[in-house]
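Here's the letter readout for the chains.
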Amino acid sequence: MTRHHAGNNMPIKLPKEIAEYAEIIREHAEREGLDFYPTVFVMLASEQMCQVAAYGGFPQRYPHWRFGMDYEKLRKQSRYGLSRIYEMVINNNPCYAYLLNDNMMVDHKTVIAHVYGHCDFFKNNVWFSKTNRRMIDEMANHATRIRRYVERHGTDRVEKLTDTILSIENLIDPHSAFMRRPQNQDMDRIPKVDEGPQVATRYPAKAYMDRYINPPGQMAKDLDDREIEAEKAKVRFPSGPVRDVLLFLLENAPLADWEADLLSIIRQEAYYFAPQGQTKIMNEGWASYWHSTIMTNYVLQADEVIDYCEHHSGTLASGPGRLNPYKIGIELLRDIERRWNTGRYGPQYDACDDMQRRREWGKGKAPMGRVIAQGSPGREKIFQVRALYNDVMFLDEFLTPEFVEDQKLYQYRYDPATGKMVVVHRDFEKVKKQLLFMLTNHGQPYIYVMDGNYRNRGELYLAHRHTGADLDVKYAVATLKSVQKIWKRPVHLAARIDDDAMLFTFDGEQSTQQHIDDNMPMVSNQFD
């Protein structure tokens with residue numbers, strides 16, 4: 001671990017007292033039913049923490065200017081007291097966690113308990129099950145390979161391609177890791193070259209007999225039939241809409257070996273980080289639940305209570321219009337635990353429309369005294385939730401009108417007249433819909449490859465699957481330019497803008513846009 005840090009930025013030896021507390025807290029965490037990989041704690045100074053944070057928590061990454069930019073931002077925020085990184089933990093086996101050396105002892109204990117919650121989530125949540133558990137080694141390998149490309153091909157070429165790929169790194173399909181791809185997929189099939197327009201068969205005839213031997217009506221019908229048959233005979237490329245645009249480019253774009261490897265590296269890393277975006281609320285909520293449980297039940301001392309409460313409440317602080325994943329996550333897990341302990345679920349409870357009766361439902365069923373591990377229906381349920389759900393599923397299934405009211409999760413807007421945030425909607429269905437919309441695909445558009453041989457010219461045809469919000473035209477055009485740099489031929493993007501079907505095109509030199517109509521060439525695939 002030590003050798004990964006550059007220059008004099010050597011990790012600080014973990015003090016004996018903290019190492020002892022880490023062992024004590026580990027025992028309590030296991031007693032409570034948490035199951036995690038071996039966890040290595042590393043102590044870092046503030047600037048070292050900023051360096052590692054800029055690398056996404058890893059001690060080594062490939063050379064790129066954005067890491068330096070992130071480091072400067074984090075360093076200045078820390079120096080001027082705008083933010084503070086208390087901990088970081090890496091989804092790896094073993095897990096690596098970083099502690100800030102100038103934290104108070106109560107903060108160290110809280111962070112250690114919080115880390116064990118994260119490590120349990122990484123190991124047991126299904127959305128992390130396909131991630132590389134040796135990612136520290138893999139990241140170092142990626143860094144070595146890209147540095148070699150820099151030496152061979154120059155910084156400018158490698159950096160420009162890296163910039164291009166990073167600008168579209170979100171064009172992946174996080175669910176594809178759980179899908180089995182066909183062995184003989186037609187992605188590797190090279191599109192046929194355009195053989196020219198179809199023509200109807202014309203029989204030789206004298207001029208005065210031509211209109212009888214080659215009737216114009218029949219000729220037109222024959223031409224239409226030929227064009228239809230030609231379209232049917234044309235190989236669908238790809239065989240269906242493809243959401244993983246990066247994979248399609250990797251397998252079909254005219255890339256040199258080193259360019260394809262660079263694209264593959266960034267795609268692999270995007271898939272590694274994807275589950276963290278899909279489970280941010282649940283992951284932070286689960287870790288906060290367990291640091292709260294372990295600290296208050298086992299390791300918090302009397303002289304630490306005030307500092308602990310101050311820092312814990314600061315972590316969970318929220319306000320109108322601000323969605324704090326720590327707060328929403330822990331409170332919804334506690335709500336699920338209470339509901340399952342008191343029987344507030346199922347058809348009878350759901351059918352009850354008396355809010356007061358719902359609040360009093362099953363109060364006498366709540367377990368008395370301290371619950372350990374999965375010692376109650378509520379605890380058993382939240383362990384099940386931790387294993388199977390992501391954020392969208394979590395809120396979709398367990399968000400209730402009572403929870404929205406208790407947490408004041410209304411829709412807000414800024415009122416310039418008063419300078420305050422005011423409530424726009426209290427309606428549960430609208431609030432829930434807005435929350436799910438924000439979380440689905442991280443609030444980013446769904447872009448699919450529809451045709452890799454559009455117009456039979458090897459042009460790439462992408463389409464936006466409209467889910468309620470239009471594309472931002474500025475970003476759509478920028479995305480087209482990035483994809484075209486990799487595809488090397490014209491790239492198109494179909495999208496609905498203000499209820500109009502539009503086609504955006506970039507051919508390598510200029511951007512154009514036009515309305516989509518029935519006269520345009522057919523596309524290999526359509527959305528269902």
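Residues numbered from 1 in each chain as written. Predicted model: local features only at pLDDT ≥ 70, side-chain atom pairs only at ≥ 80, totals over all residues. Heavy atoms only, no water.

Participant: Would you explain the packing of helix H11 (residues 280-299) against helix H17 (residues 391-398) in this entry?
Facilitator: If you want to describe how two helices pack, look at the angle between their axes and the distance between the axes. Between H11 and H17, the shortest axis-to-axis distance is 7 Å and the interhelical angle comes to 80°. Viewed along their axes, H11 and H17 adopt a mutual orientation that is roughly perpendicular. Together, Lys280, Ile281 and Met282 of H11 and Asp391, Phe394 and Leu395 of H17 make up the contact between the two elements. (Axes fitted to C-alpha atoms, helices over the stretch in contact; angles between N-to-C directions. Helix = DSSP H or I, 4+ residues; strand = E, 2+ residues; numbered from the N terminus. Parallel < 35°, antiparallel > 145°, perpendicular 65-115°, else oblique. Contact = heavy atoms within 4.5 Å.)

Participant: Explain the sheet that holds strand E2 (residues 87-90) here, please?
Facilitator: One open sheet accounts for three strands, arranged E1-E3-E2; its pairing is mixed. The open sheet has two edge strands, strand E1 (39-44) and E2, and neither has a second partner. Each adjacent strand pair in this sheet contributes to an overall mean axis angle of 20°, direction not counted. The pairing of E1 with strand E3 (residues 95-100) spans six bridges and is parallel. Paired with Val40 across the strands is Tyr96, a residue of E3. (Pairing = 2+ DSSP bridges.)

Participant: For this particular structure, what's the right way to read empty space enclosed by the protein?
Facilitator: Where empty space is left in the structure can be found by rolling a water-sized probe over the atoms. Counted under the stated rule, the structure contains two cavities of 30 Å³ or more. Considered as a void within the structure, the largest cavity measures approximately 40 Å³ in volume. Forming the walls of the largest cavity are Asn170, Leu171, Ile172, Arg243, Asn441, Pro445, Tyr446 and Ile447. Looking at the lining of the largest cavity residue by residue, the class counts come to five nonpolar, two polar and one charged. Approximately 30 Å³ is the volume found for the second largest cavity. Considering the residues around the second largest cavity, the lining is formed by Cys50, Leu74, Ser78, Ser83, Arg84 and Ile85. (1 Å grid on protein atoms, 1.4 Å probe; cavity = no way out; pocket = protein on both sides within 12 Å on 5 of 7 lines; lining within 4 Å. Points joined across faces, edges and corners; volume = space filled by probe spheres on them. Nonpolar A, V, L, I, M, F, W, Y, C, P; charged D, E, K, R; others polar.)

Participant: Hey, could you run me through the packing of aromatic side chains in this one?
Facilitator: Both the distance between ring centres and the angle between the ring planes are used here to describe each pair of aromatic rings. What the rule picks out here adds up to 26 aromatic pairs. On the basis of an interplanar angle of 90° and a centroid distance of 5.2 Å, the ring pair of Trp286 and Phe383 is categorised as edge-to-face. Placement of the pair is Trp286 in helix H11 and Phe383 in helix H16 (residues 377-388), with a sequence separation of 97 residues. Using a relative accessible area of 3% as the deciding quantity, one classes Phe383 as buried. Ring geometry for Tyr389 and Phe398: centres 5.2 Å apart, planes at 50°, overall tilted. Neither residue differs from the other here; Tyr389 and Phe398 are each classed as buried. Through a chain of ring-to-ring contacts, three or more aromatic side chains come together here, namely Trp340, Tyr345, Tyr389, Phe394 and Phe398. Over the ring of Tyr86 we find Arg84, and its NZ or CZ is 5.3 Å from the ring centre. (Phe/Tyr/Trp six-rings, centres within 6.5 Å; stacked < 30°, edge-to-face > 60°. Buried < 20%, exposed > 50% of the residue type's maximum accessible area, 1.4 Å probe, protein only. Lys NZ or Arg CZ within 6 Å of the ring centre and 35° of its normal.)

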